[in-house]
Amino acid sequence: MSCRLLSADLGTTSLKVMILNGGGQVEGSVSEPVHTYTDGGNHEQKPPEWWQTFRKACRTLQSNGIDLNVDGVVCTGQMEDFIPFKDGRAETAILYSDTRGSRELTKRHLPPDVVTAFTGNDWRATTPLMKWMADEFPEQWDQVLFGSKDYLIYRLTGASVCDPVNGTVTGMMNIHTRAWEEKLWEGSGIFRRQLPRLLEPEETAGYVLKEAASQTGIPAGTPVYCGLGDGGAVTLAASAHAGNDEGYAYAGTTGWTAVPADTLTVSEEGSVFHLAAPQQGRFIKIMPLLNMGNVHQWAVHTWCGGDFEAFEKLIAEPASVSGSLLFIPYLNGERNPVIDEKAKGAFIGIDGQVTQAHMARAVLEGLAFSLKQTFFQAGVTSSTLFLVGGGTKSRAFRQTVADVFQCRVQVSAEQELLASFGAAACGFRAIHKCSWEEAARAVQSVDEEEIIVAPDVSKKEKLERKERLFIEAAGRMRGLFNT
Ligand code: ADP
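If you're wondering where the values come from, they're calculated on a predicted model, not measured in any experiment.

### A few points about the domain arrangement of the chain
Here is step 1: Partitioning the chain into structural domains gives domain 1 (5–228) and domain 2 (231–413 + 449–483).
Here is step 2: Computed over C-alpha atoms only, the centres of domain 1 and domain 2 are separated by 29 Å.
Here is step 3: Surface buried jointly by domain 1 and domain 2 totals about 1,300 Å² across both partners, of which 64% is contributed by carbon and sulfur atoms.
Here is step 4: Summed over the shared surface of domain 1 and domain 2, the result is zero salt bridges.
Here is step 5: Viewed at the interface, domain 2 and domain 1 are joined by five residue pairs in polar contact (both at pLDDT 80 or more).
Here is step 6: Tallying contributions element by element places helix α6 (residues 164–168) first for the side of domain 1 that touches domain 2, with three residues.
Here is step 7: Across the side of domain 1 that touches domain 2, the residue classes break down as eight nonpolar, five polar and three charged.

Structure, rendered in structure tokens:
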């Protein structure tokens, strides 16, 4: 790789900034916490705090002796935010997880099939268009942005942009043409001029302004590329590891299976979400799960006071009988393959031999079964599963997934920087005018180690039996708590 890039990932809980140098090495990286303000269903962050955090991260890199004289800046981050501006300033970002749009959704002005035909997905309470229209005076804003990284671009260059990956989840972009679709907001008080410019991820959004240069230490005039939302960035980086058309599984606070696709398909079972892929004319099909790391965390708190290492030891305790204990992980309702926001979790098959260790093991097996069901839905049949997200820090979880899937599990040791690598690929492609595949491979860190976990084949039969029971029991959870 013959360029130096500054790549930033502004996620929900932290901002990561790294410098990737000419040899494909991470010269330095810094992580700073990001604060969320929560009040019931309202989830907000403060864009000026994002900028302060970015400045601090740049200063820390410099004080660690890292030169910020780079060939380009490229960012990724949380998608589906609503960030309104007045007089050139944005004080509040209403986050993707905020459900303030629910009132507007009940009044919906277009039927689901019309919306889906344009956008690839139906609107939800969290869709930025719904949040915007829930405003009493939607026309009051000078402009709006939809992603945390777009705010950083605005502060760096003064440009208002959006990328097609994040554009998909705004509820306003035509997923086929990758352009804004006015019919989706006609008569709502929203004006085209309030929207940011849609650019491809490798296009130049602008150049670092003098004021931003003095605040960050990045030289004025450095090109800033549009980049892409984190769903697209992780998929780009994962495809460089997993093979271009293989899916991968994400086990973070929530979970998903994602697979690159050439066509849009509407599933009959479960909910599938579509994103425009970084590659024009392609899509990313995502099967989301509401229960994943959040359930793992619940179990760790319940039996081990929040100590992840103690939970690993508990699971490693010698197994006795009672191996048929099942856990259905629907603590937060579920979306795949059971669609039921009121679904609940359950232990099934308790007998007098059951210990805490059995319960802990059943929790991780239940999460792995759930993840495997989304792979079936996606039609993935790979012999190696690329697994990402914080859940991969757990040895027990990695092994359980390998045993349940009965395939090798591959984990990047630098998985926390995966989205930043995906963003860097956009910068590399912009500079070297190469294909997406070459760009994604080129920015992979040469130091990056991989953890490979082999399945325990002696568990195959027993786990397959359990899985059949799991599928039957999970299906019966649908509607059970709806009365
Ligand atoms: P997010 O989707 O919020 O970015 P992360 O990718 O950070 O989530 O993953 C969060 C999950 O990572 C937690 O819910 C938990 O399951 C897991 N996790 C976090 N820390 C540890 C740890 N030290 N050991 C094992 N698992 C962990």
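From this point, the discussion proceeds with the structure in view.
### Notes on the nonpolar core
Here is step 1: Grouped together as the largest cluster of nonpolar side chains are 53 residues, with contacts concentrated most on F311 and L387.
Here is step 2: Per-element accounting of this core gives the leading share, twelve residues, to helix α11 (residues 356–378).
Here is step 3: With residues near it in sequence (within four places) discarded, F311 still touches H296, A299, V300, W303, C304, A360 and L364.
Here is step 4: In this structure, I286, F386, A424 and A439 belong to the second largest nonpolar core, which totals 41 residues.

### Concerning the sheet that holds strand β8 (residues 93–94)
Here is step 1: A sheet is described by the order of its strands in space; here three strands give the open sequence β4-β5-β8, paired in antiparallel fashion. Single-partner strands in this sheet number two, and they are β4 (37–39) and β8.
Here is step 2: In this structure, β4 lies alongside strand β5 (residues 42–45), joined through three bridges in antiparallel fashion. Across the sheet, residue Y37 finds its bridge partner in β5, namely E44.

### Points about the sheet that holds strand β16 (residues 248–251)
Either a parallel or an antiparallel arrangement is found when strands of a sheet pair, and the pairing is made through backbone hydrogen bonds.
Here is step 1: The seven strands are arranged β18-β19-β17-β16-β22-β23-β24 in an open sheet whose pairing can be described as mixed. The open sheet has two edge strands with one neighbour each: β18 (273–276) and β24 (450–453). Neighbour-to-neighbour, the strand axes of this sheet turn through a mean angle of 25°, independent of strand direction.
Here is step 2: Both strand β22 (residues 384–388) and strand β23 (residues 408–412) contribute to a ladder of three bridges, which runs parallel. Bridge pairing links T384 to R408 in β23.
Here is step 3: Contacting β16, β17 (255–261), β19 (283–289) and β22, α11 crosses the sheet at an angle of about 150° to β19.

### Topic: the pattern of salt bridges
Should their charged atoms come close, side chains of opposite charge can pair.
Here is step 1: With the rule as written, the count across this model stands at 22 salt bridges.
Here is step 2: Between D122 and R108 there is a salt bridge, with the nearest N and O atoms lying 2.8 Å from each other. Taken as a pair, D122 in the loop between α3 (112–119) and α4 (128–133) and R108 in the loop between α2 (102–106) and α3 lie far apart in primary sequence, 14 residues in all.
Here is step 3: Since its relative accessible area comes to 24%, R108 is described here as partly exposed.
Here is step 4: Each of E44, D98 and R100 takes part in one network of salt bridges that share partners.

### Comments concerning the packing of aromatic side chains
Here is step 1: One pass over the structure, following the stated rule, counts 13 aromatic pairs.
Here is step 2: Ring centres of Y250 and W256 lie 4.2 Å apart, and the angle between their planes is 25°; this geometry places the pair in the stacked category.
Here is step 3: Its relative accessible area of 22% is what places Y250 among the partly exposed residues.
Here is step 4: Ring plane angle 70° and centroid distance 5.7 Å describe the contact between W298 and W303, whose orientation is recorded as edge-to-face.
Here is step 5: A residue is classified by how much of its surface remains accessible, and W298, at 32% relative accessible area, is partly exposed.
Here is step 6: When its relative accessible area of 18% is taken as the criterion, W303 is described as buried.
Here is step 7: An aromatic cluster of three or more residues is present, and its members are W50, F85, Y151 and Y154.
Here is step 8: When the ring centre of Y37 is taken as origin, the NZ or CZ atom of K46, which lies over that ring, is 4.8 Å away.
Here is step 9: Here the basic side chain of R193 rests over the ring of F191, its NZ or CZ set 4.7 Å away from the ring centre.

### With respect to the side chain of T157
Here is step 1: Looking at the element boundaries, T157 is found in helix α5 (residues 148–157).
Here is step 2: Among the polar contacts made by the side chain of T157, one reaches the main-chain carbonyl oxygen of I153 at a distance of 2.8 Å.
Here is step 3: Not counting the four nearest positions on each side in its chain, T157 is found in contact with G206, Y207, V208, L209 and V224.

### Describing unusual backbone geometry
Leaving glycine out, the prevailing phi sign among residues is negative, and the prevailing peptide bond configuration is trans.
Here is step 1: Residue P337 is reached from N336 by a cis peptide bond, and omega for that bond is -15°.
Here is step 2: The phi dihedral of R178 falls on the positive side, at around 55°, and the residue is not glycine.
Here is step 3: The backbone of K433 sits at a positive phi, close to 50°, despite the residue not being glycine.

### A word on the site of the ligand
Here is step 1: Neighbouring the ligand are 13 residues; Y250, T253, G293, H296 and G390 lie closest to it.
Here is step 2: Between H296 and the ligand, the recorded distance is 3.2 Å, taken from a side-chain N or O atom to an oxygen atom.
Here is step 3: Within the contact set of the ligand, an oxygen atom lies 3.3 Å away from a backbone nitrogen or oxygen of G391.
Here is step 4: Its residues placed into classes, the shell around the ligand shows two nonpolar, ten polar and one charged.

Criteria and thresholds
- Residues numbered from 1 in each chain as written.
- Predicted model: local features only at pLDDT ≥ 70, side-chain atom pairs only at ≥ 80, totals over all residues.
- Heavy atoms only, no water.
- Domains from an automatic or database assignment.
- Buried area = accessible area lost by both parts, 1.4 Å probe.
- Salt bridge = Lys/Arg side-chain N within 4 Å of Asp/Glu carboxyl O.
- Polar contact = N/O pair within 3.5 Å; in protein donor to acceptor, adjacent residues only side chain to side chain.
- Helix = DSSP H or I, 4+ residues; strand = E, 2+ residues; numbered from the N terminus.
- Nonpolar A, V, L, I, M, F, W, Y, C, P; charged D, E, K, R; others polar.
- Core = buried A, V, L, I, M, F, W, Y, C linked by side-chain atoms within 4.5 Å.
- Buried < 20%, exposed > 50% of the residue type's maximum accessible area, 1.4 Å probe, protein only.
- Contact = heavy atoms within 4.5 Å.
- Pairing = 2+ DSSP bridges.
- Axes fitted to C-alpha atoms, helices over the stretch in contact; angles between N-to-C directions.
- Phe/Tyr/Trp six-rings, centres within 6.5 Å; stacked < 30°, edge-to-face > 60°.
- Lys NZ or Arg CZ within 6 Å of the ring centre and 35° of its normal.
- Near = heavy atom within 4 Å.

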